[in-house]
Amino acid sequence: MKNCLILTGGTLDCDFAGDFCKKNTFDLTIAVDGGLAAAKTLGIVPDVIVGDLDTARESLVEEFRQYPFIRWDVHPPEKDETDTELALRRAMACGADKITILGATGGRFDHMLANVFLLYGCLQKGVEACILDKQNKIFLIESQHTFRRKELWGKYISFLPLLGEIRGITLEGFKYPLNDYDLEAASSRCISNELAEETGTICFKEGIAICVEARE
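Residues numbered from 1 in each chain as written. Predicted model: local features only at pLDDT ≥ 70, side-chain atom pairs only at ≥ 80, totals over all residues. Heavy atoms only, no water.

This next bit is on the overall build of the protein. For the protein, the helix and strand inventory stands at 5 helices and 13 strands. Relative to a compact globule of 216 residues, whose C-alpha radius of gyration would be 17 Å, the protein shows 18 Å and is just as compact. Its C-alpha atoms put the protein at 55 × 35 × 30 Å along the principal axes. Counting the 216 residues in the protein, one finds 48% classified as buried. Sequence separation of 24 or more characterises 63% of the internal contacts of the protein that already satisfy a separation of 6 or more. Summed over its atoms, the accessible surface of the protein is roughly 11200 Å², and 47% of this surface lies on carbon and sulfur atoms. Separation between the mean location of the 24 positive side-chain charges and that of the 34 negative ones in the protein comes to 5 Å. (Helix = DSSP H or I, 4+ residues; strand = E, 2+ residues; numbered from the N terminus. Rg over C-alpha atoms; globule rule 2.2 N^0.38 Å. Buried < 20%, exposed > 50% of the residue type's maximum accessible area, 1.4 Å probe, protein only. Contact = heavy atoms within 4.5 Å. Areas by Shrake-Rupley, 256 points an atom, 1.4 Å probe, with all protein chains shown as cover. Lys, Arg positive; Asp, Glu negative; His and termini not counted. Charge placed at Lys NZ, Arg CZ, Asp CG, Glu CD.)

This next bit is on the nonpolar core. L36, L102, I141, F147 and F159 are the most contacted members of the largest nonpolar core, which totals 42 residues. When neighbours within four sequence positions are excluded, L36 is seen to be in contact with A31, I49, L53, A56, L60, V61 and F64. In this structure, L86, A87, V116 and A129 belong to the second largest nonpolar core, which totals 32 residues. (Core = buried A, V, L, I, M, F, W, Y, C linked by side-chain atoms within 4.5 Å.)

With that settled, consider the pairing of strand β9 (residues 156-161). With 5 of 6 residues buried, β9 lies mostly within the body of the structure. Looking at chain direction, β9 and strand β13 (residues 209-214) are connected through 6 bridges and run antiparallel. Across the sheet, residue I157 finds its bridge partner in β13, namely E213. (Pairing = 2+ DSSP bridges.)

Looking at where D52 falls in the secondary structure, it is placed in the loop between β3 (48-51) and α3 (58-64). For D52, a relative accessible area of 11% gives the class buried. Among the polar contacts made by the side chain of D52, one reaches the side chain of K79 at a distance of 2.6 Å. Contact partners of D52, with chain neighbours within four places excluded, come to D33, H75, P76, P77, K79 and D83. (Polar contact = N/O pair within 3.5 Å; in protein donor to acceptor, adjacent residues only side chain to side chain.)

This brings us to a nonpolar patch on the surface. Together, F109, L113, F117 and L163 line one region of the surface with nonpolar side chains, adding up to about 400 Å² of accessible area. According to the relative accessible area criterion, L113 is partly exposed, its value standing at 40%. (Patch = residues over 30% accessible without salt bridge, like charges linked within 9 Å, V, L, I, M, F, W, Y side chains within 5 Å. Salt bridge = Lys/Arg side-chain N within 4 Å of Asp/Glu carboxyl O.)

Moving on to the side chain of N193. Inspection of the secondary structure puts N193 in the loop between β11 (178-183) and β12 (199-203). Within the structure, N193 has its side chain in polar contact with the backbone oxygen of Y176 (distance 2.9 Å). N193 has contacts with K155, Y156, I157, L171, F174, K175 and Y176, leaving out every residue within four places of it along the chain.

As a further point, take the pattern of salt bridges. All told, the structure shown has 13 salt bridges when counted by the stated rule. Linking K134 and D13 is a salt bridge whose minimum nitrogen-to-oxygen distance equals 3.8 Å. One end of the pair, K134, is in the loop between β6 (128-132) and β7 (136-141); the other, D13, is in the loop between β1 (3-7) and α1 (14-23), with 121 residues separating them in the sequence. A relative accessible area of 49% means that K134 is categorised as partly exposed. R90 is the partner of D73 in a salt bridge, and the nearest nitrogen-oxygen pair spans 3.4 Å. One end of the pair, D73, is in strand β4 (residues 71-74); the other, R90, is in helix α4 (residues 83-93), with 17 residues separating them in the sequence. Judged by its relative accessible area of 18%, D73 falls in the buried class. One salt-bridge network, held together by shared partners, links D52, K79 and D83.

With that settled, the discussion passes to the sheet that holds β12. If you trace the 4 strands from one edge of the open sheet to the other, you get β8-β12-β10-β11, paired in antiparallel fashion. Of all the strands in the sheet, just β8 (144-148) and β11 have a single pairing partner and so form its edges. On average, each strand axis in the sheet is inclined to that of its neighbour by 20°, with strand direction left out of account. As paired strands, strand β10 (residues 166-172) and β11 are joined by 3 bridges and run antiparallel to one another. Within the sheet, the bridge partner assigned to L171 lies in β11 and is L178. (Axes fitted to C-alpha atoms, helices over the stretch in contact; angles between N-to-C directions.)

Dropping the structure here:
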């Protein structure tokens, strides 16, 4: 498995990010535009830098240009994709099959929401991708998933429809179980569930679920 870290330009708790990066290893690291500042703070020299560089400090760009091994994927500001989408495409083109995105929450809500939807492109290609911050782990589920208490990011587990209704949800091992339940797009029924056992499962017949594992 080729494991990729993407540092984007959203809000990032550097103490959390530093601790996370110390505990995990990555085969590929991509910094996205404003994410260069996070890379500098964390002492990370990325393998690839992606974006239009409109929010990266010029002095920082010049500093990273001193590393001959960094691959640059620079785009004009007037483009159809966000820098994060371009970074995800680059990661998958490099063969990544597991992607963790830091700095994709906070800041502008439109970018944060778009970043969640961008996970769908990864899911379609069979790539395991998630967005992490200090409180949340956000990923997508298609048809089924097993949760293990010792692996949870936080005790709260929420499910939201990504594309319309999720049909036939069954939850087992949860505090609030469900059996063959249809979750409408405009419903908050599946917010803030918890495991009642050491493991829990979700399975459903149709739809894509946004899953959020959250801490207070």
